[in-house]
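The lines below spell out each chain.
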Amino acid sequence: MLKTRILSALLILFAIGVNAKPNLSKAPVAATGIQFFKGTFKQALAKAKKENKMIMMDCYTTWCGPCKILKNQVFTDKALGDYMNQKYICVAMDYENGEGPAVAQKYPVDAYPSIYFIDSNGKPKTIMVGVPNPIPNAANVILAQAKKFVK
């Protein structure tokens, strides 16, 4: 009986170990979806002005479940990313950390997540609150909104 339990435990550990090994044969997959600007909001505004682009700002918090859905299931959409990366400067702003609280003073939100569409002069054009439903169509809803502001 004891030998059977020990043997079973070893087989389970072996199976876990085999499945836990990284698959090194796969080539890295290129990132799809929105590529967010790395820098300050002021730098993003300057880049938008220089490139004559709008800004899309994702206002989120680290504890927000819908924010994580937006980040992991919507912003990863290829068609949305292709358009936004070409036509917008995209900024992800944690409203509780870093420069987020200061930015939140100028661009307040009532709920998370919120998405601001801002012109290159820093003037808000519209704000979307929450994750558009249904989730599989959320990227299309955001894309349609984004297209309203690009000439």
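Since we're looking at a predicted model, the values are computed, not measured.

Caption draft 1: Seen up close, the overall build of the protein. Per the secondary structure count, the protein includes 6 helices and 4 strands. Helices and strands appear in the protein in the N-to-C order α-α-β-α-α-β-α-β-β-α. When burial is assessed residue by residue, the protein has 36% of its 151 residues classed as buried. Summarising the internal contacts of the protein: among those between residues at least 6 apart in sequence, 67% fall at separations of at least 24. Accessible area of the protein: about 9700 Å², with a carbon and sulfur share of 59%.

Caption draft 2: Just the packing of aromatic side chains, in detail. Considering all chains together, one arrives at 7 aromatic pairs under this definition. When the ring of Tyr-107 is compared with that of Tyr-116, the centres are 5.3 Å apart and the planes differ by 70°; the resulting orientation is edge-to-face. Neither residue differs from the other here; Tyr-107 and Tyr-116 are each classed as buried. Within the aromatic cluster, the residues linked to one another by ring pairs are Phe-41, Tyr-107 and Tyr-116.

Caption draft 3: Region of interest: the confidence of the model for the protein. On average, residues of the protein carry a pLDDT of 85, and 79% of them reach 70 or more. Per-residue pLDDT stays below 50 along residues 5-29; that stretch engages in 0 contacts with residues further than four places along the chain or on separate chains.

Caption draft 4: Seen up close, the sheet that holds strand S1 (residues 54-60). Strand order in this open sheet of 4 strands is S2-S1-S3-S4, and the pairing throughout is mixed. Of all the strands in the sheet, the pair left with one neighbour each is strand S2 (88-94) and strand S4 (124-129). Each neighbouring strand pair of the sheet contributes to a mean axis angle of 20°, computed without reference to strand direction. Both S1 and strand S3 (residues 114-118) contribute to a ladder of 5 bridges, which runs antiparallel. Note that in S3 the partner of Met-56 across the bridge is Phe-117. Contacts between helix H2 (residues 41-51) and the sheet are confined to S1, S2 and S3, with S2 contributing the most and set at about 170° to the helix.

Caption draft 5: Representation of the environment of Cys-59 in the model. Within the secondary structure, Cys-59 sits in strand S1. Sequence spacing of Cys-59 and Tyr-107 is 48 residues, and the spatial spacing of their C-alpha atoms is 9.2 Å.

Caption draft 6: Examining the packing of helix H4 (residues 78-87) against helix H6 (residues 135-147) more closely. Contact geometry of H4 with H6 gives a least axis separation of 9 Å together with a crossing angle of 25°. As the angle between them shows, H4 and H6 are arranged roughly parallel. Of the two possible hands of crossing, H4 and H6 adopt the one that is left-handed. The residues of H6 that touch H4, namely those facing Leu-80, Tyr-83 and Met-84, are Ala-139, Ile-142, Leu-143, Ala-146 and Lys-147. Its residues assigned to classes, the contact of H4 with H6 comprises 7 nonpolar, no polar and 1 charged.

Caption draft 7: Up close: the state of the cysteines. By the definition in use, this model includes 1 disulfide. Here Cys-64 is linked by a disulfide to Cys-67, with a sulfur-sulfur distance of 2.4 Å. Of note, the bridge from Cys-64 to Cys-67 carries an S-S torsion of about 85° and is right-handed in sense. This pair shows no difference in class: Cys-64 is buried, exactly as Cys-67 is.

Cut-offs applied
- Residues numbered from 1 in each chain as written.
- Predicted model: local features only at pLDDT ≥ 70, side-chain atom pairs only at ≥ 80, totals over all residues.
- Heavy atoms only, no water.
- Helix = DSSP H or I, 4+ residues; strand = E, 2+ residues; numbered from the N terminus.
- Buried < 20%, exposed > 50% of the residue type's maximum accessible area, 1.4 Å probe, protein only.
- Contact = heavy atoms within 4.5 Å.
- Areas by Shrake-Rupley, 256 points an atom, 1.4 Å probe, with all protein chains shown as cover.
- Phe/Tyr/Trp six-rings, centres within 6.5 Å; stacked < 30°, edge-to-face > 60°.
- pLDDT = per-residue confidence, 0-100.
- Pairing = 2+ DSSP bridges.
- Axes fitted to C-alpha atoms, helices over the stretch in contact; angles between N-to-C directions.
- Parallel < 35°, antiparallel > 145°, perpendicular 65-115°, else oblique.
- Left-handed = near helix turned anticlockwise from the far one by under 90°.
- Nonpolar A, V, L, I, M, F, W, Y, C, P; charged D, E, K, R; others polar.
- Disulfide = S-S within 2.5 Å.

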